Amino acid sequence: MTDTTIPPAAGRRTVLRAALAVGAANLAPPFILAARGEQPVLIGLANPLTGTYAAPGKNELAGCELAIAQINAKGGILGRPVELRVEDSTSGDAGTAVQKSRKLIERDHVDFLLGNINSALALAMAQVSNEKGVLHIVPGGHTDTITGAACHWNVFRVCKSTTMEANAAAQQLIEKAGKKWYYITPDYAFGHTLQAALEKAAAKLGGTKVGADLSPLGTTDFSSFLIKAQAANPDVIVFLTQGDDMVNALKQAVQFGLDKRLHLAGAQQELESLEGLPPEARIGAWVFEWYWKQPGVPHVAEFVEAIRKKTGKVPTARTWFGFVSTWTCALAAQAAKSLDAVKMAKALGGMKLPPEIGLVPDTAFYRTEDHQLIASVFVGNAQAGGADPEDLFNVARVARGIDVAGSVEEGGCKLVWPS
Amino acid sequence: MLQLILFNVFNGLIVGAFYALMALGLSLILNLSGVINFAHGGFLALGAYLAYSLMPFVGFWGALLLAPLATAALGLVVERLLIRPLYGRDPLYSLLLTFGLAYILEDAARFIWGAQSLPYPIPSWLTRPLSTQFFFLTGYRLFMVVLVALAVGALFFILSRTRLGMRIRAGTLDLETVSALGVNVRVLRNLNFGLGIYLAGLAGVLAAGMLGLQPTIGTSLIMPSFVAIIVGGLGSLPGTLLGGLLIGVASGLTTVFFPSASEAVIFAMMGLVLLVRPRGLLGEEGRLQ
């Protein structure tokens, strides 16, 4: 009869304690170990597997895994097999990302560090990797400063900087949507720099900002933001939110019928988000950083096939980020003929990616001065679904990376090498 | 400006009604069993995903009917197998259990249905805004408010007019005496838990139509419900309802003036209530403190 005894009341204090514990919960996510080999070269990935960015995180992981399999099939790195160590960084907790990065570097002694999707977490991880002198590839964190003011000799980035996305997107937004812009911007590093870059690019083309609101990361209800944006009477609401926030914001805007009164568009858009939207909300002008339909570009079809076989779906830009990042590790070691981080970083500066790894119309390369990968940007509009149900983006134009990259001086990167 | 504020008050009530629906289920369970059900968000997500899987077979309305019932059935099993052994212990035990369960449910959803968000189709006549002026009042949101009102009405009817409800209320006040009077407290708690989880499942199906499906949908919606309970007053269901509506409006109004604090404001409100009136707005003095 123990279960009928009166429990000590769960009081206000307990509820409060419990509420506090929610924050602490982010500290204990799972981790995955790859199979053990003999004296393998280790690549450590600390990236979101849970939370808002779990879906892009899993796609980046799939890209990494495909690259690992290919590298091993071609004899590994410097003749040694390659293994991937994966840690869940969470989607928004910089403390966890740092702790996981330290674990990978100090306990597992990884030779390369990869991550993070969340720009703020990527910046925090770069501090650690720089302190430890480990070659660090950022697959998918976009904020300018990673290869700008906060650049490091050991940090390379595969995805676009927010400036590159803004420059590629601004002209199309003015042409297709109009000059008065209202921004809905996620309140963290990525959103801040993307909005700043768009404002700068818009000003050059005669665009103006009629308003802007910062939405907390993980906002589910955007109705009050949309009410405010609509009241400012813009030509276009520019959505800079990402992941689930993008899905929630766009979906609600379309439910409110705002697409019939003004334009809904933005800069960075991803296949993951469009897949999460109902067909009627797959609208607007955007840029994609990589797209799986690239008629005539060599090796892209093989890559798409390989990923389809592995995951059952087409690769997204995220899959490509993971793929290129992992291959970059192998290319760096190969070029330097060493696993010494400084030698590899020197070798990567200016390196052009072979077409079977770059998988874009122009030749992708790492800019020597700031370690940013310069590659094509795909400008166009979302569509409900073409002949292929996974074809949710219509590419109107491919911008050359170097044309939208902005100068190194503007970015403000000054690499300091260890003496 | 005035219009913007009015719109946001109105809109806040819609959002708040939804918070209240989740919070009422939590509150029911907390009041009778002393269990702080952290897995409430997990059950909510499960309700949403079950509806998604049922929809091809039974349609939108069938899913709306069946998915919350299926979730409640699972709730009954969970209460019987996992939570019942922990009654009578420090509430932290059941708290830790439901806390872990929340993770298991979220990851189960991710494992079964994938990390990728999925669209949840709703009948097209519900998707349209009802007027161009009040564009935020779509058919679906009105439908949601009506359904919340019905659910809340039914809940209060059950609690005040039925034998089960009266026993739940009596048990909330003095479980020992209720037990001594020959009421099977085990069954009572079990049914009460199921009722609470039913509300979570219903909230999940409604949220899916509004937001689509993400494994994290429960986690992101659950915190405001806890705040609603504390603001409204522990132990008081009308208080919980009021708390939900209040934080909905507060969050909406904050967006007008200082959008980046639209989430933080509800916690500031909680802090304020705890400082000025620790039992909550409608909570009884001395109860659950």
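Residues numbered from 1 in each chain as written. Chains lettered and ligands numbered in written order. Predicted model: local features only at pLDDT ≥ 70, side-chain atom pairs only at ≥ 80, totals over all residues.

(A) Fine view of helix α10 (residues 300-311) of chain A. All names here are of chain A. With 12 residues, α10 extends 16 Å from end C-alpha to end C-alpha; this agrees with the ideal 16 Å at 1.5 Å per step. Listed in full, the buried residues belonging to α10 are Val 300, Phe 303 and Ile 307. Within α10, the buried residues cover an arc of 60° as seen down the axis, which keeps them to one side. When the buried face of α10 is taken as reference, the exposed residues oriented beyond 90 degrees from it are Glu 302, Glu 305 and Lys 309. Phi turns positive one or two residues past the end of α10, at Gly 312, with a value near 85°. (Helix = DSSP H or I, 4+ residues; strand = E, 2+ residues; numbered from the N terminus. Expected span 1.5 Å × (residues − 1). Buried ≥ 20, exposed ≤ 12 C-beta atoms within 10 Å, placed from the backbone. Arc of directions from axis to C-beta.)

(B) Spatial organisation of the sheet that holds strand β9 (residues 236-239) of chain A. Residue and element names in this part refer to chain A. If you walk across this open sheet you meet the 4 strands as β8-β7-β9-β10, and the pairing is parallel. At either margin of the open sheet sits one strand with a lone partner, and together these are β8 (208-215) and β10 (263-266). Averaged over neighbouring strand pairs, the angle between their axes works out to 25° when direction is ignored. With 4 bridges joining them, β9 and β10 adopt parallel strand pairing. Bridging from a neighbouring strand, Val 236 pairs with His 263 of β10. Packing against the sheet, helix α7 (residues 223-231) makes contact with β7 (180-186), β8 and β9, and its axis sits at approximately 170° to β8. Docked against the sheet, helix α8 (residues 243-255) engages β7, β8, β9 and β10, running at close to 160° with respect to β9. (Pairing = 2+ DSSP bridges. Axes fitted to C-alpha atoms, helices over the stretch in contact; angles between N-to-C directions. Contact = placed C-beta atoms within 7 Å.)

(C) Main features of the interface of chain B and chain A. The interface of chain B with chain A comprises 57 residues on the first partner and 51 residues on the second. Taken together, the elements giving at least two residues each to the side of chain B that touches chain A come down to α1 (2-33), α3 (91-113), α7 (175-180), α8 (185-211), α9 (217-232) and α10 (237-257) of chain B. No other element matches α1(B), which puts 6 residues into the side of chain B that touches chain A. Here the residues of the side of chain B that touches chain A sort into 32 nonpolar, 18 polar and 7 charged. (Nonpolar A, V, L, I, M, F, W, Y, C, P; charged D, E, K, R; others polar.)

(D) Summary view of α8(B). All names here are of chain B. The end-to-end C-alpha separation of α8 is 38 Å, in line with the 39 Å expected for 27 residues at 1.5 Å each. Counting buried positions along α8 yields 23 of 27 residues, so the element is predominantly enclosed. Note on α8: the residue one or two positions beyond its end, Gly 212, has a positive phi of about 85°.

(E) Inspection of the environment of Glu60(A) at higher detail. All names here are of chain A. In this structure, Glu 60 sits in helix α2 (residues 54-73). By the C-beta count within 10 Å, which is 32 here, Glu 60 ends up buried. Those residues in contact with Glu 60 that sit more than four places away from it in its chain are Asn 47, Ile 117, Pro 139, Gly 140, Arg 318, Thr 319, Phe 321 and Gly 322.

(F) Up close: the confidence of the model for chain B. Here chain B averages 90 in pLDDT, while 98% of its residues score no lower than 70. Here helix α4 (residues 124-127) of chain B is the element of chain B with the lowest mean pLDDT, 83, and helix α2 (residues 40-83) of chain B is the one with the highest, 96. (pLDDT = per-residue confidence, 0-100.)

(G) Representation of the environment of Gly57(A) in the model. Residue and element names in this part refer to chain A. Mapping Gly 57 onto the fold places it in helix α2. The exposure class assigned to Gly 57 is buried, which follows from the 32 C-beta atoms found within 10 Å. Residues Gly 57 and Leu 250 lie 193 residues apart in sequence; the distance between their C-alpha atoms is 21 Å. Sequence-distant contacts of Gly 57, defined by excluding residues within four places in its chain, comprise Asn 47, Pro 48, Leu 49 and Ile 117.

(H) Expanded view of the packing of α9(B) against helix α11 (residues 264-276) of chain B. All names here are of chain B. Their axes nearest at 9 Å, the elements α9 and α11 cross at an angle of 25°. The angle between the axes of α9 and α11 places the two elements in the roughly parallel class. The element α9 and its partner α11 pack so that their crossing is left-handed. Across from Pro 224, Val 227, Ile 230 and Val 231 in α9, the residues of α11 making contact are Ile 266, Phe 267, Met 269, Met 270 and Val 273. Split into classes, the residues belonging to the contact of α9 with α11 amount to 9 nonpolar, no polar and no charged. (Parallel < 35°, antiparallel > 145°, perpendicular 65-115°, else oblique. Left-handed = near helix turned anticlockwise from the far one by under 90°.)

(I) Expanded view of the sheet that holds strand β15 (residues 393-399) of chain A. Residue and element names in this part refer to chain A. On the basis of which strands lie adjacent, the open sheet formed by 3 strands has the order β11-β14-β15 and antiparallel pairing. Edge strands, defined here as strands with exactly one partner in the open sheet, are β11 (285-288) and β15. Taken over all neighbouring pairs, the strand axes of this sheet differ in orientation by 35° on average, direction set aside. Bridge count for strand β14 (residues 377-382) against β15 is 6 bridges, and the pairing is antiparallel. Paired with Ala 382 across the two strands is Phe 393, which belongs to β15.

(J) Quick peek at the domain arrangement of chain A. Residues and elements named next belong to chain A. The domain boundaries assigned to chain A delineate domain 1 (31-160 + 295-374) and domain 2 (163-288 + 380-389 + 392-402). Using only C-alpha atoms to locate each centre, domain 1 and domain 2 end up separated by 27 Å. On the side of domain 2, 22 residues touch domain 1, which itself brings 21 residues to the contact. Looking at the side of domain 1 that touches domain 2, the elements with two or more residues in it are α2, α4 (119-132) and α11 (317-336). Grouping the amino acids of the side of domain 1 that touches domain 2 by side-chain chemistry returns 9 nonpolar, 8 polar and 4 charged. (Domains from an automatic or database assignment.)

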